[in-house]
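Listed here are the chains, written in short residue letters.
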Amino acid sequence: MARRRRGRKKKKTLIGRLGLALAVLVFGMCSLLTAGEYYHWDLPSWEAVEGWLGVVDSPSPGSEIPFSSPSAGQSASESGTRLQGAEDTEIYFIDVGQADATLIRQGDSFLLIDAGNLGDGDQLVAYLKNAGVTRLDCVLMTHPHADHIGGMPEVLEAFPVERFLLPDFSLMDELPTSAVFQRTLEALGKQKENGCEVLTAARGQEIPIGDGMLRVLLAGVETDNTNNLSVCAKFTAGKFSCLFTGDGEEAVEQELLAVEPNLGADVFQAGHHGSSTSNSERLLKAVHPAAVVISCGLDNSYGHPNREALDHFAAVGATVFRTDLQGSIIIRPSADGSFTVATEKNAEG
Ligand SMILES: [Zn+2]
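Bear in mind that the values here come from a model prediction, so they are computed numbers and not experimental data.

Here is what the cut-offs are and how they apply
- Each chain has its residues counted from 1, following the order in which its sequence is written.
- A pLDDT threshold of at least 70 governs which residues receive local features in this predicted model, and a stricter bar of 80 or more applies before side-chain atom pairs are shown or counted, although totals over entire chains, interfaces and linings include all residues.
- Processing note: side-chain calculations cover all non-hydrogen atoms of the structure and skip hydrogens and water entirely.
- Only nitrogen, oxygen and sulfur atoms count as donors, using a 2.8 Å cut-off from the metal that widens to 3.2 Å for Na, K and Ca. Water is left out, so coordination shells may look unfilled.
- Geometry assignment treats four donors as tetrahedral when all angles are between 85 and 135 degrees, treats four as square planar and six as octahedral when opposite donors are over 155 degrees apart and all others between 65 and 115, and treats everything else as irregular.
- Helix and strand definitions here come from DSSP, where helices need a minimum of 4 consecutive H or I residues and strands a minimum of 2 consecutive E residues; each element is numbered from the N-terminal end.
- Centres within 6.5 Å are what make two rings of Phe, Tyr or Trp a pair, Trp counting through its six-membered ring; a difference in plane orientation under 30 degrees is then read as stacked, over 60 as edge-to-face, and the rest as tilted.
- Two strands qualify as a pair provided that DSSP identifies no fewer than 2 bridges between them.
- Every axis in this analysis is a line fitted to C-alpha atoms, fitted for helices over the stretch in contact. Angles between the N-to-C directions lie between 0 and 180 degrees.
- Two residues qualify as a contact provided that any one of their heavy atoms is within 4.5 Å of a heavy atom in the partner residue.
- Here the term buried applies to any residue with accessible area under 20% of the maximum for its type, exposed to any over 50%, and partly exposed to those in between, with areas from a 1.4 Å probe on protein chains only.
- The definition of a polar contact used here is a pair of N or O atoms within 3.5 Å, where within protein one atom must be able to donate a hydrogen and the other to accept one, and adjacent residues in sequence count solely through side-chain atom pairs.
- By arc we mean the arc of the directions from the helix axis to the C-beta atoms, nothing more.

A. View of the coordination of the zinc ion. Bound to the zinc ion are the protein donor atoms Asp 147 (OD), His 148 (NE2), Asp 247 (OD) and His 273 (NE2), situated 2.0 to 2.1 Å from the metal. If you look at the zinc ion, its 4 donor atoms make angles of 89 to 146° with each other, and the shape they trace is irregular. When the donors of the zinc ion are listed by position in the chain, the intervening gaps give D-H-x98-D-x25-H. Placement of Asp 147 in helix H5 (residues 146-149) and of His 273 in the loop between strand E12 (267-269) and helix H9 (281-287) is noted, with a sequence separation of 126 residues between them.

Here's what the structure looks like:
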């Protein structure tokens, strides 16, 4: 007995010493990195170390705001329809600065709309992995500007993609020539070899995302302005819906109003990062969203969001959320159309 007790004591002491040594090592490393940052020594930054460890901006919320829909009081049995699809849905408006990247999860299915700016690829891939993405059911490229496809090659290299929706390039005389567009097409070619279905967006297309649905309402307009190639699409799950118009400007909004009688949506992603070239009063009245999410960069050189657009959001009583002030924004809908909005940071919108 005595020998066994002694053995246990020895084991405990060894574990204790190892624990102490580890604590001293971690404390030492932390102190060194912090001091290094303070004195500008040539050491890896905290951000770099976090990157090596796979630490990325967490999708966990900083604050949560509930919204009820006009139909929220009506139960499924009262309405006589079987509601499904909205529960277990999340829409992540990822903070990618002056750019767009939106991830929609419905059950185990994922849809990505645009892929951030040049240089965002690796961080975007890490964010998607952190959100549980191992494959993408669908990727929508609204239009081929760098602030929408900047990280697309890395995304296409990181995940198998089942369907890829391209803008209708026949609406423009010339194809884009940027290096990132070429890299995107190369990566898309490899996806195609692996069975990815590459489609040109067209009005009326429906792509199921789990129990939800992505509907293409307009695939841009004939134009010499790349913004106006923007694919406009609505994601619906149960009674909840969210409208995306990319960077579509006045011509796109007018055509959308002309062809689509059902523009109403609970959430609207502000057109063109909240620019006054988009977000017309007529469009906002037709969409009548409870919340508008603006994806833009802090103190961006374009002055987005513009005052005029903010006035139009306010005129329809929409609550505005901004990635430049609040970080990534996560919408969680319920089957009755109500939803909550969680923000990464607690800044005022
Ligand atoms: Zn843009």
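The rest of the description comes next.
B. Structural context of the packing of aromatic side chains. By the definition in use, this model includes 6 aromatic pairs. Considering the side-chain rings of Tyr 92 and Tyr 127, the 6.2 Å spacing of their centres and the 85° angle between planes classify their relative orientation as edge-to-face. With Tyr 92 in strand E2 (residues 89-93) and Tyr 127 in helix H4 (residues 121-130), this pair connects stretches of sequence that are 35 residues apart. One aromatic cluster is present, formed by Phe 67, Phe 240, Phe 321 and Phe 339 through successive ring pairs.

C. Focus on the sheet that holds strand E14 (residues 319-322). Taken together, the 7 strands give an open sheet; going across it, the order is E8-E9-E10-E11-E12-E13-E14, and neighbouring strands pair in mixed fashion. Two strands lie at the open edges of the sheet, namely strand E8 (206-209) and E14, each paired on one side alone. Each strand axis lies, on average, 20° off the axis of its neighbour in the sheet, ignoring direction. Here E8 pairs with strand E9 (residues 212-219) via 4 bridges, running antiparallel. Bridging across to E9, Ile 209 finds its partner in Gly 212. Strands in contact with helix H8 (residues 250-259) are E9 and strand E10 (231-237); relative to E9, the strand with the most contacts, it is inclined by about 115°. Running at roughly 160° to strand E13 (residues 291-294), helix H10 (residues 307-315) makes contact with E12, E13 and E14 of the sheet.

D. How the structure looks around the pairing of E9. Most of E9 is tucked away: 6 of the 8 residues are buried. Between E8 and E9, which pair antiparallel in sequence order, lie 2 residues; one of them, Gly 210, sits at a positive phi of approximately 60°. Here E9 runs beside E10; their pairing, made up of 6 bridges, is antiparallel. Residue pairing for E10: Leu 218 is matched across the bridge by Cys 232.

E. Inspection of the side chain of Thr 89 at higher detail. Tracing the backbone through its elements, the reader meets Thr 89 in strand E2. For Thr 89, a relative accessible area of 2% gives the class buried. Of note is the side chain of Thr 89, whose polar atom sits 3.3 Å from the side chain of Gln 106.

F. Just H8, in detail. Those residues of H8 that fall on the buried side of the exposure criterion are Val 252, Glu 253, Leu 256 and Leu 257. What you see down the axis of H8 is that its buried residues fit within an arc of 135°, all on one side. Turned more than 90 degrees away from the buried face of H8, the exposed residues are Glu 250 and Ala 258. The inward-facing, buried residues of H8 contact E9, E10 and H9.

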